[in-house]
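# Reading the structure
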Amino acid sequence: SQVSFEEESQKQPAVGHWKPLMPSKGNKEELETGCQDAGGVGETQSTEQLNVSRLRSSSVEIREKGSEFLKDELHKAQKELKLKDKECERLSKVREQLEQELEELTASLFEEAHKMVREANTKQAAAEKQLREARGKIDMLQAEVTALKTLVITSTPSSPNRELHPQLQSPSKAGFRKGHGRNKSTSSAMVSAASQNVAPEPVSRECREVDSILFAEFQAWKESPTLDKSCSFLDRIYQEDVGPCLDFTKQELSELVRAAVEQNTLTIEPVASQALPVVKVAAEECGGPKKCALSGLPRTCKHRIMLGDSGNYYYISPSCRARITAVCNFFTYIRYIQQGLVRQDVELMYWEVMRLRREMSLAKLGFYPSEM
């Protein structure tokens, strides 16, 4: 402060007197007094400036400490915020994982439920199919028993039944037996030979000789009986007997008849035994009581056929019925062999097959019993 005072005094110019080079005694005392006064004023000013500077320094310190405290608090808040963000992210991941597991569990439950429903439907369908087959077999066996009873009851010493006694038949009719005695594509006469082990016609009435090739094919088929056409035994019969016997003028209907015979779903019934149904197809396809649906010729049709469960009936002539019956008898017998119902010697079964083939050949040539 004293230095600043001296600087200010030096800046003021001396006006109106000369400054002595050597101060006098009186001036010297005045100068000392002025210096003392100036020194007191300077000390006061320096004290005030010191106080101001202290206040400034303390305020700066307070500001610095306040800013540091705020920075620390900010850092703490940021850390807490980061921790909360991490916790939120972790919880969101847990929620997503739980949602995904719930969706997978729901999908697996639905899939398992659908699988159980499908299995139940499959088992139900199989059970219904077995039930239908069992009912069909029961009906077939009941019809066979009824036919056998009829044959036995109607045979008396005074009026023997020619079906049970082939030796009483005339030579022209000795090769024929009664065909369809019931609706399904099987023969009651066939059952009598299969279930009761009735031997074919006596050997003494005709000369027969076993063909080695045919017998070998039949033996090979008998070891593992099947209805597959690929085996040599059935392939030969299809080409030589079944195919020509079921080859009618109406080719499309002939194919349907052959398929129904192979699947055992063909039904033959007399026309007079039931009322005429409502025909669902064209008249020229079904024929009529006076027109055969298979040959297309005007014939008196005493029987009609139905293929499967279609509900469509086709009127057939006696000749067509004889051809279909002959093929059905053959398939019925080989099915009995396949099911193990025929308890005969291999050679006897072979000759029964040959007899059925002969019936198919005769039916194809137009020979059939007058009862048809």
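Residues numbered from 1 in each chain as written. Predicted model: local features only at pLDDT ≥ 70, side-chain atom pairs only at ≥ 80, totals over all residues. Heavy atoms only, no water.

- Identification of the chain as R3GEF factor from Oxyruncus cristatus is taken from an unreviewed UniProt entry.
- Quoted verbatim from the Sequence similarities (unreviewed entry) field of the UniProt record, the comment on the chain reads "Belongs to the SEC2 family." (UniProt positions renumbered as here; feature names shortened; annotations may be inferred.)

### Here we look at helix α6 (residues 251-262)
- With twelve residues, α6 should cover 16 Å at 1.5 Å per step; its first-to-last C-alpha distance of 17 Å lies within 8% of that length.
- Those residues of α6 that fall on the buried side of the exposure criterion are Leu253, Ser254, Val257, Ala260 and Val261. Summarising the axial view, the buried residues of α6 lie within an arc of 125°, below the 170-degree limit, and thus occupy one face.
- Two residues or fewer past α6, Asn264 is found with a positive phi of approximately 60°. (Helix = DSSP H or I, 4+ residues; strand = E, 2+ residues; numbered from the N terminus. Expected span 1.5 Å × (residues − 1). Buried < 20%, exposed > 50% of the residue type's maximum accessible area, 1.4 Å probe, protein only. Arc of directions from axis to C-beta.)

### Remarks on the pairing of strand β1 (residues 266-270)
- The buried count for β1 comes to four of five residues, which makes it a mostly enclosed element.
- Of the pairings in the sheet, the one linking β1 to strand β2 (residues 303-307) comprises five bridges and is antiparallel in character. Residue pairing in the sheet places Glu269 in a bridge with Arg304 of β2. (Pairing = 2+ DSSP bridges.)

### Some remarks on the sheet that holds strand β3 (residues 313-316)
- Taken together, the three strands give an open sheet; going across it, the order is β1-β2-β3, and neighbouring strands pair in antiparallel fashion. Each edge of the sheet is formed by a strand with only one pairing partner; in this case those strands are β1 and β3. Across the sheet, the mean angle from the axis of one strand to that of its neighbour is 30°, orientation sign disregarded.
- On the sheet, α6 packs against β1, β2 and β3 and is oriented at approximately 75° with respect to β2. (Axes fitted to C-alpha atoms, helices over the stretch in contact; angles between N-to-C directions. Contact = heavy atoms within 4.5 Å.)

### Examining the packing of aromatic side chains
- A complete count under the given rule lists eight aromatic pairs for this structure.
- Aromatic pair Tyr238 and Phe331: ring centres 6.0 Å apart, planes at 65°, arrangement edge-to-face. Placement of Tyr238 in helix α5 (residues 232-245) and of Phe331 in helix α8 (residues 318-339) is noted, with a sequence separation of 93 residues between them. Both residues of the pair, Tyr238 and Phe331, belong to the buried class.
- An aromatic cluster of three or more residues is present, and its members are Phe215, Phe218, Trp221, Phe233, Tyr350 and Trp351.
- Sitting above the plane of the Trp351 ring, Arg208 keeps its charged end 4.6 Å from the centroid.
- When the ring centre of Tyr313 is taken as reference, the NZ or CZ atom of Arg304 above it lies at 4.0 Å. (Phe/Tyr/Trp six-rings, centres within 6.5 Å; stacked < 30°, edge-to-face > 60°. Lys NZ or Arg CZ within 6 Å of the ring centre and 35° of its normal.)

### Some thoughts on the packing of α5 against helix α9 (residues 346-365)
- The N-to-C vectors of α5 and α9 enclose an angle of 30°; their axes lie 8 Å apart at closest approach. The pairing of α5 with α9 is recorded here as roughly parallel in orientation. Contacts between α5 and α9 involve Phe233, Arg236, Ile237, Glu240, Asp241, Val242, Pro244 and Cys245 on the former and, on the latter, Val353, Arg357, Met360, Ser361, Ala363 and Lys364.
- Residue composition of the contact of α5 with α9, by class: eight nonpolar, one polar and five charged. (Parallel < 35°, antiparallel > 145°, perpendicular 65-115°, else oblique. Nonpolar A, V, L, I, M, F, W, Y, C, P; charged D, E, K, R; others polar.)

### What to know about a negative patch on the surface
- Residues Glu61, Glu64, Glu68, Asp72, Glu73 and Glu80 make up a contiguous surface patch of negative charge.
- Relative to the elements of secondary structure, Glu68 occurs in helix α2 (residues 25-153).
- Judged by relative accessible area, Glu68 falls into the partly exposed class, the value being 48%. (Patch = residues over 30% accessible without salt bridge, like charges linked within 9 Å, V, L, I, M, F, W, Y side chains within 5 Å. Areas by Shrake-Rupley, 256 points an atom, 1.4 Å probe, with all protein chains shown as cover. Salt bridge = Lys/Arg side-chain N within 4 Å of Asp/Glu carboxyl O. Lys, Arg positive; Asp, Glu negative; His and termini not counted. Charge placed at Lys NZ, Arg CZ, Asp CG, Glu CD.)

### Here we look at a positive patch on the surface
- Judged by side-chain charge, Lys76, Lys79, Lys82 and Lys86 come together as a positively charged surface patch.
- Along the polypeptide, Lys86 turns up in helix α2.

### Observations concerning the pattern of salt bridges
- The tally for this structure, following the rule as stated, stands at ten salt bridges.
- Lys93 is the partner of Glu89 in a salt bridge, and the nearest nitrogen-oxygen pair spans 3.8 Å. With Glu89 and Lys93 both in helix α2, this residue pair falls four residues apart, about one helical turn.
- Linking Glu269 and Arg304 is a salt bridge whose minimum nitrogen-to-oxygen distance equals 2.6 Å. With Glu269 in strand β1 and Arg304 in strand β2, the pair connects residues that are 35 residues apart, well separated along the chain. Here the two residues Glu269 and Arg304 agree in accessibility, since each one is buried.
- One connected set of salt bridges, linked through shared partners, spans Glu217, Arg236, Glu240, Asp241 and Arg357.

### Considering the packing of helix α4 (residues 212-223) against α9
- The interhelical angle for the contact between α4 and α9, taken along N-to-C directions, is 115°, at an axis separation of 11 Å. By the angle between their axes, α4 is roughly perpendicular relative to α9. In terms of crossing hand, the pair formed by α4 and α9 is right-handed. Each of Leu214, Phe215, Phe218, Gln219 and Lys222 in α4 lies in contact with α9, whose residues at this interface are Val346, Glu347, Met349, Tyr350, Val353, Met354 and Arg357.
- A breakdown of the residues in the contact of α4 with α9 according to their chemical character gives eight nonpolar, one polar and three charged. (Left-handed = near helix turned anticlockwise from the far one by under 90°.)

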